[in-house]
Amino acid sequence: MEGDFIKIRESLLPLSWIYGCGVSLRNFCFDVGLLKSHAFHVPVIAVGNITVGGTGKTPHVEHLIRLLQNRFKVAVLSRGYKRKTKGFQQADSSTTAKDIGDEPFQMKRKYPGITVAVDKKRVHGIQQLTDDDAQLDVVLLDDAFQHRYVKPGVNILLVDYHRLIIYDKLLPAGRLREPLKGKNRADLVIVTKCPRELKPMEFRVITKAMDLYPYQHLFFTTLSYDELQPVFGNGAPAPLSGGLDVLKGQNVLLLSGIASPRQLEEDLKTLAAPAQLTPLVYPDHHSFRRKDVERINSTFAAMPSPKCIVTTEKDAARLTSVSGLSDEVRRNLYALPVRITFMQPEQEEKFNETIVGYVLKNSRNSILVKGKDDSKPHDSQHTGNKPRTISFR
């Protein structure tokens, strides 16, 4: 079976070469200025990846929100993948996941004090945000590492530990959306979803293999979990207090529609042991239909007690508008909030100081930049060896 998979990958290599030529030509056009990258006088921080599949973008954007929201006026701008609307949309109290997409909806619901907007054209989206709010301090671009029409002040590249880009190949033979040298545009690189027991030797091996430039800095994060939250608060949810320890001995139905549920499955297997974990896995951003609802209802009904259903916050954003879920499912359906934890405490301090320092230095409301005209974006070329606008202590 593995041999057949290798043969298929090798047969796709010519297509990967053609694809790589096209992506390289696009990047070259940005590098030499044939295509324009727009810079703004408001601080812009981009978070993204160069692979197909999830690398944990939302938990990392949420870390930035928590870090900045008490000191600055923060906006998050996303494309709004699979939303039912078009153009620029800014979230308010009546906005649904269908209006802006599940991930932006999740962030607005968790952090109501920030501005959340979506726009496929990020340059237009930033301009709209800055025109609408003169007090805006910083824009966080979600899933925008490859959106080169915007030149961020800080470019954060996320790399999944389980699918390191240094060992991957271009589409369609692999998962890379652009050649590996695309990582050179990053200011900060984060290896995400690391095992908690990662050994010091593994840190050193990965650091060397990533082969970063001196201006780039490497961090390692893992996923951690907050207390389970009932998805349907208007029902009578079964009590699950006491953190995730309550899962011990429970038969857990894991309902997920995310790109990379591997670490979540492994963690819940450990938490639920010796009881059983039953994964019910759907594609990323899956729209739950009638047959899916019937499958969820029947699968959960057949499981022995004690039991509960655990889903992701992103899936919960869509499930709240799904009809047909049984009363038993609604009573026992919980969302598992995910956040990141830096593997090394000194790295978290360094990362946080760098982000806050960049925003303080470049905020358009700072005395250092007052008087500049930020009413229009300006064009700028961004090359891999250009000096960075951030500094490390």
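Here we summarise the structure given alongside this text. (Residues numbered from 1 in each chain as written. Predicted model: local features only at pLDDT ≥ 70, side-chain atom pairs only at ≥ 80, totals over all residues. Heavy atoms only, no water.)

What about unusual backbone geometry?
The amide bond that connects L171 to the next residue, P172, takes the cis arrangement and shows omega of 0°. Considering the arrangement of structural elements, one finds P172 in the loop between strand 7 (154-160) and strand 8 (188-192). Residues S305 and P306 are joined by a peptide bond in cis, for which omega reads -5°. Here P306 shows up in the loop between helix 8 (290-302) and strand 13 (307-312). Look at D143: it is not a glycine, yet its phi comes out positive at around 60°. Looking at the element boundaries, D143 is found in the loop between strand 6 (138-142) and strand 7. You will see that D211, though not glycine, has its phi angle at about 55°, which is positive. Assignment of secondary structure puts D211 in the loop between helix 6 (200-210) and strand 9 (217-225). For D211, a relative accessible area of 56% puts it in the exposed group. (Helix = DSSP H or I, 4+ residues; strand = E, 2+ residues; numbered from the N terminus. Buried < 20%, exposed > 50% of the residue type's maximum accessible area, 1.4 Å probe, protein only.)

What to know about the sheet that holds strand 5 (residues 115-118)
Read from one edge to the other, the open sheet built from 9 strands follows the order 4-5-3-6-2-7-8-9-15, with strand pairing classed as mixed. Each of the sheet's edge strands pairs with one partner strand only, and the pair in question is strand 4 (89-90) and strand 15 (338-342). With 5 bridges connecting them, strand 7 and strand 8 associate as parallel partners. Along strand 8, the bridge assignment pairs L158 with I190. The strands touched by helix 2 (residues 57-68) are strand 2 (44-48), strand 3 (74-78), strand 6, strand 7, strand 8, strand 9 and strand 15; relative to strand 15, the strand with the most contacts, the crossing angle is about 75°. (Pairing = 2+ DSSP bridges. Contact = heavy atoms within 4.5 Å. Axes fitted to C-alpha atoms, helices over the stretch in contact; angles between N-to-C directions.)

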